[in-house]
Amino acid sequence: MMTNVIDKDQQWLLNCLSATLDPNQELRSFAEASLHQASLQPGFGTALSKVASNRELPLGLRQLAAVLLKQFIKKHWEEGDDSFEHPAVSSDEKAVIRRLLLFSLDDSHKKICTAISMAVASIAVYEWPENWPDLLPFMLKLISDQTNMNGVHGALRCLALLSGDLDDKMVPALVPVLFPCLLTIVSSHQVYDKYVRAKATSIVYSCASVLGAMGGVYKTESTALIGPMLKSWMDQFSIILEEPVQPEDPDDWSLRMEVLKCLNQFAQNFPSLTESQFMVIVRPLWKTFESSLRVYVRSSIEGTEDSYEGRYDSDGAEKSLDSFVIQMLEFLLTVVGSAKLVKFVANSVKEVVYHTIAFLQMTEQQVHTWSVDANQFVADEDDVTYSCRVSGLQGIKMLLWQIISNVRILIFCGSLLLEEIVNTCGGEGIDAIMDAAKKRFNESQQQKASGSTVWWRIREATLFALASVSEQLVELQVLEVTRVDVGNLLEQIITEDIGIGVHECPFLYARIFTSIAKFTSVISHGVLEQLLNAAIRAIGMDVPPPVKVGTCRALSQLLPEANKETIRPQMMGLFSSLVDLLNQASDETLHLVLETLQAAIRADNESSASMEPIISPVILNVWALHVSDPFISIDALDVLEALKNSSGCIHPLVSRVLPYIGPILDKVRLPQQQPDGLIAGSLDLMTMLLKDSPSDVVKAIYDVCFGAVVRIVLQSDDHSEMQNATECLAAFVSGGRQEMITWGGDSGFTMRSLLDAASRLLDPELESSGSLFVGTYILQLILHLSSEMSQHIRNLVAALVRRMQSVQIVGLRSSLLLIFARLVHMSSPNVEQFIALLVSIPAEGYDNSFAYVMSEWTKQQGEIQGAYQIKVTTSALALLLSTRHVELAKINVQHHLIKTAPGITTRSRAKFAPDQWTVVPLPVKMLALLADVLVEIQEQDLADDDEA
């Protein structure tokens, strides 16, 4: 018998708990401090348990006590735990707390029951099953008592929490005892409500997940556990799925969702067992699929019924229709992707696709949100577009699950399902999608003729579905694999809809623009030209935000292939519209407008020249405002580069940039006066202007900026500034060449500056990141200023060796090796002299620099990236080998890794037993590397022949 008598200590605790809820901050703080002091005294956990379990006290105080109790357990229950704080709870007090909590699990208040369950689960993590053997029997007794529904709920809630922490030792002992009790609850619909049955099913799901994870190591044992019970569960699941989905019944949706989650686990982890029982759920699953669509259309798409979006039950579980539909599409995705289960739906692929397209319709909520918020439209469109390209990657799918809204996940899962159908069913899958698309198109025609105001939704969803599998559709049509002409259908849609008022169906217009542009190779030039003209007109009109977004996407893809003569009369208007749009764009839509503007400039260089005075200042302003944002600043630089490459634009552009950039670089010594990233960004801008520019442009930039760039390399400690300055110097040398030496007032100033910069970048004390692009810079020096550099070669080689020996970044080491390879080529036909030079230079830990360089080179050759770099280094190795120099035979280098022991190499094993390598003479290793390259070239040639 439990007593609810309140003594003085409990009254004090109640007063403190009440004070923590007081609006007076001073009083609250005092109460919280008092509770903290009390938590360090024996009996505090018991006192909290008594308050939480006392059903005569106010609900709020009991719930607060249960929450504090959970925190107390985490801190003081288990010595040695990461979160443990002294003092520890005594054994006697632990026993009292456990008893009080268990007898409180049948509380009539669900929130209290949940809080108590969380406290029980927190203790069970430490004590069950070894130190709390009576926990599971108590739970089983509670869930089996049909006369105490509060107890059933409490025990299930507690078991659901516990099941999230089960391991491969607990589950095998738990499943045979627990599953029969859970099956009784799930199958007794006349006794238990859907909420309770869903909670029981969720526990099955958690246990099945653990059993599935065990299957990798204990496949036989886990199969033996689940096998005898699977038929009973499949039969019960079929009964639940057989009934049509009901509107505004979140408990029904939750129950079905848990059933589908269990089925998904069974299908993924026990495919052979599931295959043997799967037929029993095929028809019920189809009934759920069909009926859920009807409910979804009314609730989410039309918004005429409640979808319970954003609402949760007392345990914190979401109860929306969208969550259930997402799970259903995920399960279908698993079925279609399973070699063992896809046969069960093979005859219904057309119906699956037909219904899935309807699930892709825009919801009433989306229509409202996107009509007023272009940023959200762009964000959601990008999420889905990106998802389609990486369908099948579960990691990306789970990432999207966490970061985008339920509706977008649902659409993602739907488009993912269509792609899986194409990948699994091939031509039949394509035909199914095309047949469904034609049927949906005809239905939208009928709705439109009957006067429906939402006829466009199913057509927009159809286009979205086709776009999600555009790559497969285009490829198969080009190969003439599919019997359906996708280009013909799309041309019919364009011809039918492009004349509709843009304000009447803005989202359909937007979808036409974004989708059709993906099918340019299968649509006639005449229709594409019609679409392009419509996009150019629309972008200059006062149209809803989604249409602007759609036109930008279409223009970005259509302009590169457009006929210049045809579009030229419209280009001035297009540039003006894009500049206006740029001034109105937010951070989210800026990328899209910049991308479109870049495509427009590249499409018509002549019109760009006349627009340069208008475009350049706007883009420079965008660049300056977003210089610390790598994505937008890079997009702005791309636009400026497109302008630079347009006929007649480079000189006015440079004259516009230099007066702004020069003072920025001159203030490098005053970083606190500069916005973050402005100096590094300005160097990037300079480098872009220098590349492939005429000599007079390089000279103009030199006069203003060269000295400042050198100072940054010599004085800056910011690695990003040093990297960008190094690239800028490389661009100066590449563009100025020999002429550059004469540009400074002092004939030797420029060369001294270049060498000083090289000296700092090759300083072995400098962090590797700061020197990251020194390889590119040094290469430009020895390529374009070879006569000036020749007298410094010995010092340069010695500095390169010292820098290589201190490098911690593999990419930097490879770039330095590339310099040695170029020096080998430049020394030809006197390669022996270069070898002799290396031999004469000492290297720490080696006989000489030649031994060190060749040791590193042969180790790193396989890590070198890029066709040009591989060609240069490989041919340089061949030149060295062909000399047959006596020094080659004196050097031994590592060859093959020796496998010392079986199993995984852990850190400790690697520490005490480091890798060992075979050692071979240098010529043998060089010959092996050359042979590997030759074999790779031959294999590549064979692959190219096969592809042809």
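Procedures and definitions
Residues numbered from 1 in each chain as written. Predicted model: local features only at pLDDT ≥ 70, side-chain atom pairs only at ≥ 80, totals over all residues. Heavy atoms only, no water. Helix = DSSP H or I, 4+ residues; strand = E, 2+ residues; numbered from the N terminus. Buried < 20%, exposed > 50% of the residue type's maximum accessible area, 1.4 Å probe, protein only. Contact = heavy atoms within 4.5 Å. Areas by Shrake-Rupley, 256 points an atom, 1.4 Å probe, with all protein chains shown as cover. Salt bridge = Lys/Arg side-chain N within 4 Å of Asp/Glu carboxyl O. Polar contact = N/O pair within 3.5 Å; in protein donor to acceptor, adjacent residues only side chain to side chain. pLDDT = per-residue confidence, 0-100. Core = buried A, V, L, I, M, F, W, Y, C linked by side-chain atoms within 4.5 Å. Arc of directions from axis to C-beta. Phe/Tyr/Trp six-rings, centres within 6.5 Å; stacked < 30°, edge-to-face > 60°. Lys NZ or Arg CZ within 6 Å of the ring centre and 35° of its normal.

Looking at the overall build of the protein chain
Next, step 1: Helix and strand content of the protein chain: 46 helices and two strands.
Next, step 2: Within the span of the protein chain, comprising 948 residues, buried residues form 54% of the whole.
Next, step 3: Counting contacts in the protein chain only where the partners sit at least 6 residues apart, residues at least 24 apart contribute 73% of the total.
Next, step 4: Surface accessibility of the protein chain: about 42,400 Å² in total, with carbon and sulfur atoms responsible for 52%.

A look at the pattern of salt bridges
Next, step 1: For the structure on display, the rule yields 28 salt bridges.
Next, step 2: Within the structure, one salt-bridge network assembled from shared partners comprises Arg55, Arg62, Asp106 and Asp107.

Some words on unusual backbone geometry
Next, step 1: Omega for the bond connecting histidine 86 with proline 87 falls within 30 degrees of zero, at 5 degrees, which places this linkage in the cis form.
Next, step 2: Residue position: proline 87 is located in the loop between α4 (59-76) and α5 (91-102).
Next, step 3: In the segment running from serine 828 into proline 829, the intervening peptide bond is cis, with an omega of 10 degrees.
Next, step 4: Assignment of secondary structure puts proline 829 in the loop between α40 (810-827) and α41 (831-839).
Next, step 5: Here glutamate 248, not a glycine, exhibits a phi torsion of approximately 50 degrees, which is positive.
Next, step 6: Within the secondary structure, glutamate 248 is located in the loop between α11 (219-242) and α12 (250-269).

Side note on the side chain of serine 323
Next, step 1: Within the fold, serine 323 resides in helix α15 (residues 321-337).
Next, step 2: Here serine 320 takes part through its side chain, which lies 2.9 Å from a polar atom of the side chain of serine 323.

Description of the environment of arginine 197
Next, step 1: Residue placement: arginine 197 occurs in helix α10 (residues 194-214).
Next, step 2: Judged by its relative accessible area of 7%, arginine 197 falls in the buried class.
Next, step 3: Along the primary structure arginine 197 and serine 187 are separated by ten residues, whereas in three dimensions their C-alpha atoms are 8.1 Å apart.

A few points about the confidence of the model for the protein chain
Next, step 1: Confidence in the prediction for the protein chain averages 84 pLDDT; 89% of positions are at 70 or higher.
Next, step 2: Note on residues 384-409: pLDDT under 50 across the span, and 40 contacts to partners over four residues away in sequence or across chains.
Next, step 3: The low-confidence segment residues 902-912 (pLDDT under 50) makes seven contacts with residues lying over four places distant or belonging to another chain.

Let's talk about helix α16 (residues 349-359)
Next, step 1: With respect to burial, α16 is a largely interior element, nine of its eleven residues being buried.
Next, step 2: Looking at α16, one finds that the buried residues are Val349, Val352, Val353, Tyr354, His355, Thr356, Ile357, Ala358 and Phe359.

A few points about the nonpolar core
Next, step 1: Counting 313 residues, the largest nonpolar core has Phe732, Tyr777 and Trp857 as its most contacted members.
Next, step 2: In contact with tyrosine 777, other than residues within four places in its own chain, are Thr726, Leu729, Ala730, Val733, Leu754, Leu755, Ala757, Ala758 and Leu761.

Brief notes about α41
Next, step 1: Along α41, the residues classified as buried are Val831, Phe834, Ile835, Leu837 and Leu838. All buried residues of α41 lie within an arc of 155 degrees about the axis, which places them on one face of the element.

Some points on the packing of aromatic side chains
Two numbers describe a pair of aromatic rings. These are the distance of the centres and the angle of the planes.
Next, step 1: In this structure the tally under the stated criterion is 21 aromatic pairs.
Next, step 2: Ring geometry for phenylalanine 237 versus phenylalanine 266: centroids 6.3 Å apart, planes at 25 degrees, classification stacked. On the criterion of sequence distance, the pair formed by phenylalanine 237 in helix α11 and phenylalanine 266 in helix α12 is long-range, its members being 29 residues apart.
Next, step 3: A residue is classified by how much of its surface remains accessible, and phenylalanine 266, at 1% relative accessible area, is buried.
Next, step 4: Here tyrosine 702 and phenylalanine 732 contribute two aromatic rings whose centre-to-centre distance is 6.3 Å and whose plane-to-plane angle is 85 degrees, an arrangement assigned as edge-to-face. Taken together, the positions of tyrosine 702 in helix α34 (residues 695-715) and phenylalanine 732 in helix α35 (residues 719-736) put the pair 30 residues apart, joining distant regions of the chain. Judged on exposure class, the residue tyrosine 702 and its partner phenylalanine 732 are both buried.
Next, step 5: Among the aromatic residues, those joined into a cluster by ring pairs are Tyr702, Phe706, Phe732, Trp743 and Phe749.
Next, step 6: Geometry around tyrosine 195 places lysine 110 over its ring, the cationic atom sitting 4.3 Å from the centre.

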